[in-house]
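Each chain, written out:
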Amino acid sequence: MILTKDEIILKKIALCIKTLRTKYNVTLSEFYIDTGIHLARIEQGKTNVTVFTIQKICDYFNITLSDFFMMLEQI
């Protein structure tokens, strides 16, 4: 199966978010309670995510959007 560019970027975003969540030892439930954001489908790469949502995720983990996108580039 060949992935489209859109699918590839969604998978990379998903991996970055899951990596952050794992690094900080935060469960999906804890993240939802704290932010109101359901990460399960985002982490599966099945949901398109807005920059606004990425910003909220970055704020939660106390990183900048720039940090997030640099992390994304390294995957």
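An account of the accompanying structure is given in this report. Here the structure is a predicted model, which is why all the values come from computation and not from measurement. (Residues numbered from 1 in each chain as written. Predicted model: local features only at pLDDT ≥ 70, side-chain atom pairs only at ≥ 80, totals over all residues. Heavy atoms only, no water.)

Their axes nearest at 9 Å, the elements helix H4 (residues 51–60) and helix H5 (residues 65–73) cross at an angle of 100°. Here H4 lies roughly perpendicular to H5, going by the angle between them. Along its contact with H4, which presents Val51, Ile54, Gln55 and Cys58, the element H5 presents Leu65, Phe68 and Phe69. Along the lines of polarity and charge, the residues of the contact of H4 with H5 split into 6 nonpolar, 1 polar and no charged. (Axes fitted to C-alpha atoms, helices over the stretch in contact; angles between N-to-C directions. Helix = DSSP H or I, 4+ residues; strand = E, 2+ residues; numbered from the N terminus. Parallel < 35°, antiparallel > 145°, perpendicular 65-115°, else oblique. Contact = heavy atoms within 4.5 Å. Nonpolar A, V, L, I, M, F, W, Y, C, P; charged D, E, K, R; others polar.)

In this section: the packing of aromatic side chains. The full count for this structure, using the stated rule, is 5 aromatic pairs. Between the aromatic rings of Phe31 and Tyr60, the centroid separation amounts to 4.7 Å while the plane-to-plane angle is 70°, which identifies the pairing as edge-to-face. With Phe31 in helix H2 (residues 28–35) and Tyr60 in helix H4, the pair connects residues that are 29 residues apart, well separated along the chain. Judged by relative accessible area, Phe31 falls into the buried class, the value being 0%. Relative accessible area serves as the criterion here: at 27%, Tyr60 is assigned to the partly exposed category. Here the aromatic rings of Phe31 and Phe61 are separated by 5.8 Å at their centres, their planes lie at 20°, and the arrangement is stacked. You can see Phe31 sitting in helix H2 and its partner Phe61 sitting in the loop between H4 and H5, a full 30 residues away along the chain. The exposure classification of Phe31 matches that of Phe61, with both residues buried. (Phe/Tyr/Trp six-rings, centres within 6.5 Å; stacked < 30°, edge-to-face > 60°. Buried < 20%, exposed > 50% of the residue type's maximum accessible area, 1.4 Å probe, protein only.)

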